[in-house]
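# Architecture at a glance
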Amino acid sequence: EDQVTQSPEALRLQEGESSSLNCSYTVSGLRGLFWYRQDPGKGPEFLFTLYSAGEEKEKERLKATLTKKESFLHITAPKPEDSATYLCALEKRDDKIIFGKGTRLHILP
Amino acid sequence: DAGVTQSPTHLIKTRGQQVTLRCSPKSGHDTVSWYQQALGQGPQFIFQYYEEEERQRGNFPDRFSGHQFPNYSSELNVNALLLGDSALYLCASSLALRGAGEAFFGQGTRLTVV
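Here goes a summary of the coordinates provided. Residue numbers here run from 1 along each chain, matching the order of that chain's written sequence. By the order in which they are written, chains take letters starting at A while ligands take numbers starting at 1. Given that the model is predicted, a residue must reach a pLDDT of at least 70 before its local features are reported, and side-chain atom pairs must reach 80 or more before they are shown or counted; all residues, however, enter totals for whole chains, interfaces and linings. Excluding hydrogens and water, the side-chain figures rest on all heavy atoms present in the structure.

## Structural notes on the overall build of chain B
Worth spelling out the cut-off: Think of it this way: any DSSP run of H or I at least four residues long counts as a helix, any run of E at least two long counts as a strand, and we number them from the N terminus. When accessible area is computed with a 1.4 Å probe and restricted to protein chains, residues below 20% of their type maximum are described as buried, those above 50% as exposed, and intermediate ones as partly exposed. Only heavy atoms enter the contact rule, under which two residues are in contact if any of them lie within 4.5 Å. Per-residue and other accessible areas follow the Shrake-Rupley method at a 1.4 Å probe size, with only the shown protein chains counted as cover for residues.
Per the secondary structure count, chain B includes zero helices and eleven strands. The linear arrangement of helices and strands in chain B, starting from the amino end, is β-β-β-β-β-β-β-β-β-β-β. Principal axes of the C-alpha set define a box for chain B whose edges measure 40 × 25 × 25 Å. Within chain B, the proportion of its 114 residues that are buried is 53%. Sequence separation of 24 or more characterises 53% of the internal contacts of chain B that already satisfy a separation of 6 or more. Accessible area of chain B: about 5,400 Å², with a carbon and sulfur share of 49%.

Given below as structure tokens:
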């Protein structure tokens, strides 16, 4: 059965304290993996696309990496405005999209 | 560019009623996907429309149906509403060429069934 698991469910960090969020998956026919940010009461905002193991993408304080079974979202020296829920999603070759439940990240000033 | 717009933003319906939600995709996008997001959960894929046809469907009953118009806008219809249909309904638009995973989302329609 296709599955996307994100951990931890919630994470509280001090401003400047770097950490990583994990997205592990078992899926048949993976086309791509995506990271989104979602603020309360809003729709998800696209961050990154990863297609193959070893690929890395960066944007400001965020860096996404991909292996054959998991992806990491590394957050370097986070700021309070980085507080949000971070969602991982997979696109299968049959066009179906599967989202994880997300990691709620809270950065304390 | 207004991005993806959804209407209405909030809606309260009675169990057993029918509801229609609307979505206008980002300019230039040709694919629309609909998701249901319960509180504290990730979005669940309902279905995807491309060239006015349903291209793929998630594990949702036939009570959930949709339509895409020639201008790429889309509607989500839910019949015989249940209390469990209460959720945030998200519309996402994308380019078929780049795949539906790289999508722009609207702010959603919060549906409450009472």
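## Focus: the pairing of strand β11 (residues 109–113) of chain B
Residue and element names in this part refer to chain B. Under the convention used in this document: Each pair of strands is called paired provided DSSP finds at least two bridges between the two strands.
Taking every second residue as pointing to the same face, the buried face of β11 carries T109, L111 and V113, while none of R110 and T112 on the other face is buried. Where strand β2 (residues 10–13) meets β11, four bridges bridge the pair, whose relative direction is parallel. In the strand pairing of β11, L11 is matched with L111.

## Section: the side chain of T85 of chain A
Residues and elements named next belong to chain A. By secondary structure assignment, the location of T85 is in strand β9 (residues 84–92). Take T85: its relative accessible area is 18%, and that puts it in the buried class. Sequence-distant contacts of T85, that is, excluding residues within four places in its chain, are made with Y36, R37, Q38, G102, T103 and R104.

## As for the state of the cysteines
All names here are of chain A. Here is the rule: We call a pair of cysteine sulfur atoms a disulfide when they lie within 2.5 Å.
Throughout the structure, instances matching the rule amount to two disulfides over all chains. Paired by a disulfide, C23 and C88 hold their sulfur atoms 2.0 Å apart. Since a negative S-S torsion denotes a left-handed disulfide, the C23-C88 link at about -55° is left-handed. With C23 in strand β3 (residues 19–26) and C88 in strand β9, this pair connects stretches of sequence that are 65 residues apart.

## Brief notes about the interface of chain B and chain A
Keep this limit in mind: A quick way to say it: buried area is the sum, across both parts, of accessible area lost when two parts are put together, with a 1.4 Å probe. Salt-bridge detection follows one rule: a side-chain nitrogen of Lys or Arg within 4 Å of a carboxyl oxygen of Asp or Glu. Whenever two N or O atoms come within 3.5 Å, that pair is a polar contact, provided that in protein one can donate a hydrogen and the other can accept it, and provided that, for residues adjacent in sequence, both atoms are side-chain atoms.
On the chain A side, the residues contacting the 22 residues of chain B number 19 residues. For the pair chain B and chain A, the summed buried surface comes to about 1,700 Å²; carbon and sulfur atoms form 51% of the total. One can count one salt bridge joining chain B with chain A. R55 of chain B is the partner of D95 of chain A in a salt bridge, and the nearest nitrogen-oxygen pair spans 3.5 Å. There are eight residue pairs in polar contact (both at pLDDT 80 or more) connecting chain B and chain A.

## Structural notes on the sheet that holds β3 of chain A
All names here are of chain A. Condition: All axes here are fitted lines through C-alpha atoms, helices being fitted over the stretch that makes contact, and every angle between N-to-C directions spans 0 to 180 degrees.
Read from one edge to the other, the open sheet built from five strands follows the order β1-β3-β8-β7-β6, with strand pairing classed as antiparallel. Strand pairing shows two members of the sheet lacking a second neighbour, β1 (3–7) and β6 (56–59), which therefore form its edges. The sheet shows a mean angle of 15° between the axes of neighbouring strands, taken without regard to direction. As defined by bridge partners, β6 adjoins strand β7 (residues 62–66) across four bridges and the pair is classed as antiparallel. Across the sheet, residue E56 finds its bridge partner in β7, namely T65.

## Quick notes on the packing of aromatic side chains
What counts here: Ring pairs shown here join Phe, Tyr and Trp side chains whose ring centres sit within 6.5 Å, with only the six-membered ring taken for Trp; geometry is labelled stacked below 30 degrees between planes, edge-to-face above 60, and tilted in between. Look at NZ for Lys and CZ for Arg. If either is within 6 Å of the ring centre and within 35 degrees of the ring normal, a charge sits over the ring.
All told, the structure shown has nine aromatic pairs over all chains when counted by the stated rule. Look at Y36 of chain A and F46 of chain A: their rings are 5.8 Å apart centre to centre, the planes differ by 70°, and that puts the pair in the edge-to-face class. Of the two residues, Y36 of chain A sits in strand β4 (residues 30–38) while F46 of chain A sits in strand β5 (residues 45–50), which places them ten residues apart along the sequence. Where Y36 of chain A meets F105 of chain B, the ring centres are 5.5 Å apart and the plane angle is 90°; that geometry is what we call edge-to-face. One end of the pair, Y36 of chain A, is in strand β4; the other, F105 of chain B, is in strand β10 (residues 104–105), on a second chain. Here the two residues Y36 of chain A and F105 of chain B agree in accessibility, since each one is buried. Here the aromatic residues Y36, F46 and F99 of chain A together with Y35, F45 and F105 of chain B are joined through ring pairs into a cluster of three or more. Here the guanidinium or amino end of K26 of chain B rests over the ring plane of F104 of chain B, the centre of that ring lying 4.8 Å away. For the cation-ring pair, R55 of chain B lies above Y50 of chain B, with the distance from its terminal atom to the ring centre recorded as 4.9 Å.

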